[in-house]
Amino acid sequence: MSTESNEPVGQQGAPAPRPAGMPPASFDLTRLTTVDKVVAGATLITMISIWLPFYTVSSGIYSVSLSGTFHTWMWLEFLVALVLIAYLAARALWDRLPFAMPVAHGPLLLVGTSLQLLLILIALIAIPYSDQGMGLGWAAFLGLLAALAAAGPLIVPAVRRARGGSRSSS
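Below: a short report on this structure.

Here is what the cut-offs are and how they apply
Residues numbered from 1 in each chain as written. Predicted model: local features only at pLDDT ≥ 70, side-chain atom pairs only at ≥ 80, totals over all residues. Heavy atoms only, no water. Core = buried A, V, L, I, M, F, W, Y, C linked by side-chain atoms within 4.5 Å. Buried < 20%, exposed > 50% of the residue type's maximum accessible area, 1.4 Å probe, protein only. Helix = DSSP H or I, 4+ residues; strand = E, 2+ residues; numbered from the N terminus. Contact = heavy atoms within 4.5 Å. Phe/Tyr/Trp six-rings, centres within 6.5 Å; stacked < 30°, edge-to-face > 60°. Pairing = 2+ DSSP bridges.

**Observations concerning the nonpolar core**
Alright, step 1. Grouped together as the largest cluster of nonpolar side chains are 17 residues, with contacts concentrated most on I50, F54, M74, I120 and L124.
Alright, step 2. Breaking this core down by element, the ones donating at least two residues are α2 (74-93), α3 (105-125) and α4 (138-169).
Alright, step 3. In terms of residue count, the dominant contributor to this core is α4 (5 residues).
Alright, step 4. With residues up to four places along the chain from it excluded, the contact list for I120 reads T46, I50, F54, M74, E77, G143, L144 and A147.
Alright, step 5. Listed in part, the 12 residues of the second largest apolar core include V80, Y87, W94 and L154.

Structure below.
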């Protein structure tokens, strides 16, 4: 006689243990808005771009490329991207997050993607050894475009709201 159940099954047919207080998780991308999906995809591309040829040096027949992590502070960009992706994955896993967030969803994404964009812009300006011929590689431009794509859908409406709010109050 077989019994059908929607409970996860662990060893020897017993229901798998779930941490106390954790709601069941099921990954569902429909829980994310279009902006959330754009932010997640563009942030992933930005995070990957810092590992690709971000800086290049050419001298005669020799050419060397360095990743964006050549700047050790670019690890901060990696962490910001990782947190954004993990947060959005958690929103896709649960209808309601099993933990309290100190900041609302919109401001969190706005600050995270803005910080990501700022770090990429600094990496484009602070080219190491630029006096010795180092320049930007193709991944630097990919990272910039992806960071703009992640931040744009959040920054543009925020600026419009801020400009509209200041006009109506004056």
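**Description of the packing of aromatic side chains**
Alright, step 1. All chains considered together, the criterion is met by 4 aromatic pairs.
Alright, step 2. Between W51 and W75, the ring centres sit 5.0 Å apart and the planes meet at 80 degrees, which makes this aromatic pair edge-to-face. With W51 in the loop between α1 (34-49) and β1 (55-59) and W75 in helix α2, the pair connects residues that are 24 residues apart, well separated along the chain.
Alright, step 3. Judged by relative accessible area, which is 39%, W75 ranks as partly exposed.
Alright, step 4. Centroid distance F54 to Y55: 5.2 Å. Interplanar angle 70 degrees. Geometry classified as edge-to-face. Y55 matches F54 in its accessibility class, with the two residues each being buried.
Alright, step 5. Each residue in the set W51, W75 and F78 is aromatic and connected to the rest through ring pairs, giving one cluster.

**Comments concerning the pairing of strand β2 (residues 62-66)**
Alright, step 1. Where β1 meets β2, 5 bridges bridge the pair, whose relative direction is antiparallel. Residue Y55 lies in a different strand from β2, and its bridge partner there is L66.
Alright, step 2. A loop of 2 residues connects β1 with β2, the two strands running antiparallel in sequence, and G60 in this loop sits at a positive phi of about 65 degrees.

Without other data, these values stay purely geometric and don't point to any function.
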